[in-house]
Amino acid sequence: MSVLHIVEVTKTFPGGTNAVDSFSLDVADGELVCLLGPSGSGKSTLLRMVGGFEQPTGGRITIDGEDVTHLPPERRPTGMVFQSHALWTHMNVFKNLAFGLKLRHMPANLIKEKVEAVLELVGLAGYGDRMTTQLSGGQQQRVALARSLVLEPKILLLDEPFASLDQHLRERLREEVRDIQQRLKITTLFVTHGQDEALSMADRIVVMANGKTEQIDRPDVVYRNPQTPFVAGFIGTMNLIEGEVQGGHFVRADFTVPLPIADGPATLAIRPESLDLAASDKPGASVHRVTDYGTHGLVDLDLADGTRLKSMVAHPDLFRAGQGIELLPRAVAAYRNNQQIYRSSP
Amino acid sequence: MTTLALVRPRTDWLGIVFAALLTIAIVGPLLVVGTWAFTEVWRYPNVIPQQFGFRFWGQTLGRPDVWNALMLSLQLTTVVTLLSAAICLPAAYAFARMSFPGRNILFFSFLAGHAFPKFGLLVAIAAIFLQLDLIGTFWGVVLIQLVGTLMFMIWIPVAAFQAVDRRMEEAARDVGASPLRVFWSITLPQAGPTIAAAVLLSFVGTFYETEGAWLIGAPGIRTMPVLMISYINNQMVIQFGAVLSVVLWVPSFIALMFARRVIGGGAFARGFGG
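None of the values given here were measured: they were computed from a predicted structure.

Engineer: Explain the overall build of chain A to me, please; I cannot follow it from the model alone.
Structural biologist: If you tally the helices and strands in chain A, you get 8 helices and 21 strands. On the principal axes, the C-alpha backbone points of chain A span a range of 80 × 45 × 35 Å. Here the contacts in chain A between residues at least 6 apart in sequence split such that 63% fall between residues at least 24 apart. Surface exposure of chain A reaches about 15600 Å², of which carbon and sulfur atoms provide 49%.

Put into structure tokens, the structure is as follows:
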């Protein structure tokens, strides 16, 4: 039952670069918000500031109205799960989980009860006596999660917790974590550079680049209606075409699309699934390669000046490399000065 | 499966030769000293002593100066090791985890003491100690031997502290531990085996240290190794020295066996950044 407010937080590292630049975010009670961005976007630094491991150079962080900006980690109601799980290898699983409870002077029988309950929750009942080094990567990450959860933190912080696991395990664990998070209704801030993770887990996604917010929205909105060219290019596959708008038409090489905006340079964005193709004798775009994925096909094609585009097609067997092609975009968006200025109704 | 069965481990002759040479180089002298300690008569040109016996053991161990020296050595070594740990471990933590002006130069200065010819350095120190009335005193020897332990007790623990995962310490802060508690409950146990190896190395090293103990301690303070050297230099009976060598070899052998069991070889390797 906790809310997190991040108000205009800035982190300037010695040397003058702003890792996080006047960042603001409100996380509602029980909400799971993903911080998504490439490495160096400042998402981990932001999370570490919420956890108390980095000091902001400006701004405020409050949890349930209490200002925690300058509190050390041990006095914050936050629980962090690290990418490298950071389990204490000289303790067994039980001791790892009991350590925080002991620091709170909880009686031994209550500690035992709580540890067993949380082990059950993460699916590791009966693992208390194991040494952490005897566990698999997925089990270690579950223990790390349990270590945070057992203290019932107001805010759960997850720093790329699945990055060191293989694809299959990652998918299973993210479902489990999402289930646990929803069952406990714990307010969660989740850092990842994997868009699949963000799209499948988050209530809202914060797309970050260069320490700044590019867009904050529900996952489907971030995908369908990216507000900046960066978001458009970062989430999913997107054809981003630089060109000129002249007299209501976007022009790049032989490719033109009606675009009702003022003349000038613009970036056109078309999803591969929104770009239909038709065979054509006219000079212009041509098929470079066709890949058949069974459920669908992907056609790589070149404009006359060599610009490479991708189109998702239902019947890849209709296309051959070298073939002339006409482009029929169904939905487009256009960006100018780093902002969306046009979006065709889908 | 048949191909697997056919693969026979090749005999590594070169490896065996090297191992044998190394064994001879290490065990050979030990064997000779060991033999001398139990010899009563051994005259040229015999390869094997004419008469074995414990006569010289009785004579050596019956001397009060041997027992005085042994007790003194143990006292000295314990005091030096404890003092060294008290001084060096906090310093090592500071070197490993904090940044302060002059850090690198200070850190390197611990090595510098070992870069000079040791005897020249000792003579210079002895000159200073003479003025301070420390020559021939217990604490004078403690001081000089303390200097000798600095390198092991700083460099190895620094590596040990640096090898501790910072995220482990942060995770402990996260669950509510104060910085001091993190050090006791996480950092120290993680670095513990390697630090124990360093303490052991300096204990053994100090126990056998002779140059400093002789130059600063003489004539009042005679440690076990100093006594052994004086036996070898001044007495024409080889057996006195040999018996003392064997006696001195026992504690270090026990210590190393103990270390192997408790610490494990990996800890030594980690201490040297392996």
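Picking up after the structure, the text goes on.
Engineer: I keep staring at the interface of chain B and chain A and nothing clicks. Help me out?
Structural biologist: How large an interface is tends to be reported as the accessible area lost when its parts come together. Chain B puts 18 residues into the contact, and the matching count from chain A is 24 residues. Between chain B and chain A, roughly 1700 Å² of surface is buried when both sides are summed, and carbon and sulfur atoms account for 59% of that area. The interface formed by chain B and chain A holds 2 salt bridges in total. Close ionic contact of Arg 48 of chain A with Glu 170 of chain B constitutes a salt bridge, the shortest N to O distance being 2.6 Å. Along the contact surface separating chain B from chain A lie 8 residue pairs in polar contact (both at pLDDT 80 or more). Element by element, the count of residues in the side of chain B that touches chain A is highest for helix α8 (residues 166-174) of chain B, at 7 residues. For the side of chain B that touches chain A, the per-class residue count stands at 8 nonpolar, 4 polar and 6 charged.

Engineer: Mind showing me how you'd approach a negative patch on the surface here?
Structural biologist: Residues and elements named next belong to chain A. Together, Glu 171, Glu 175, Asp 179 and Asp 196 make up a region of like negative charge exposed at the surface. With 3 residues, the top contributor of residues to the negative patch is helix α5 (residues 167-184). With respect to the helices and strands, Asp 179 occurs in helix α5.

Engineer: How should I be thinking about the packing of aromatic side chains in this particular structure?
Structural biologist: Each aromatic ring pair is characterised by the separation of its centres together with the angle its planes make. As enumerated under the stated definition, the model contains 14 aromatic pairs over all chains in all. With a centroid separation of 5.3 Å and 80 degrees between ring planes, the pair formed by Phe 207 of chain B and Tyr 208 of chain B is classed as edge-to-face. Grouped by ring-pair contacts, the aromatic residues Tyr 93, Phe 161, Phe 183 and Trp 184 of chain B constitute a single cluster. For the cation-ring pair, Arg 271 of chain A lies above Tyr 223 of chain A, with the distance from its terminal atom to the ring centre recorded as 4.0 Å.

Engineer: Any chance you could explain the domain arrangement of chain B here in plain terms?
Structural biologist: Residue and element names in this part refer to chain B. As assigned here, chain B comprises domain 1 (11-52) and domain 2 (63-271). Once you take the C-alpha centre of each, domain 1 and domain 2 turn out to be 31 Å apart. Each partner contributes residues to the interface: domain 1 has 7 residues there, and domain 2 has 7 residues. Across the domain 1/domain 2 interface, buried area totals approximately 550 Å², and carbon plus sulfur atoms make up 78% of it. Its largest share of buried area at the contact with domain 2, domain 1 owes to Val 33, Trp 36 and Ala 37, together 70% of the area lost on that side. Where domain 1 touches domain 2, the interface holds 0 salt bridges. Remark: the boundary between domain 1 and domain 2 carries 0 residue pairs in polar contact (both at pLDDT 80 or more). Elements with a minimum of two residues in the side of domain 1 that touches domain 2: α2 (13-37) and β1 (39-41). The element best represented in the side of domain 1 that touches domain 2 is α2, accounting for 5 residues. For the side of domain 1 that touches domain 2, a count of residues per class yields 4 nonpolar, 2 polar and 1 charged.

Rules used throughout
- Residues numbered from 1 in each chain as written.
- Chains lettered and ligands numbered in written order.
- Predicted model: local features only at pLDDT ≥ 70, side-chain atom pairs only at ≥ 80, totals over all residues.
- Heavy atoms only, no water.
- Helix = DSSP H or I, 4+ residues; strand = E, 2+ residues; numbered from the N terminus.
- Contact = heavy atoms within 4.5 Å.
- Areas by Shrake-Rupley, 256 points an atom, 1.4 Å probe, with all protein chains shown as cover.
- Buried area = accessible area lost by both parts, 1.4 Å probe.
- Salt bridge = Lys/Arg side-chain N within 4 Å of Asp/Glu carboxyl O.
- Polar contact = N/O pair within 3.5 Å; in protein donor to acceptor, adjacent residues only side chain to side chain.
- Nonpolar A, V, L, I, M, F, W, Y, C, P; charged D, E, K, R; others polar.
- Patch = residues over 30% accessible without salt bridge, like charges linked within 9 Å, V, L, I, M, F, W, Y side chains within 5 Å.
- Lys, Arg positive; Asp, Glu negative; His and termini not counted.
- Charge placed at Lys NZ, Arg CZ, Asp CG, Glu CD.
- Phe/Tyr/Trp six-rings, centres within 6.5 Å; stacked < 30°, edge-to-face > 60°.
- Lys NZ or Arg CZ within 6 Å of the ring centre and 35° of its normal.
- Domains from an automatic or database assignment.

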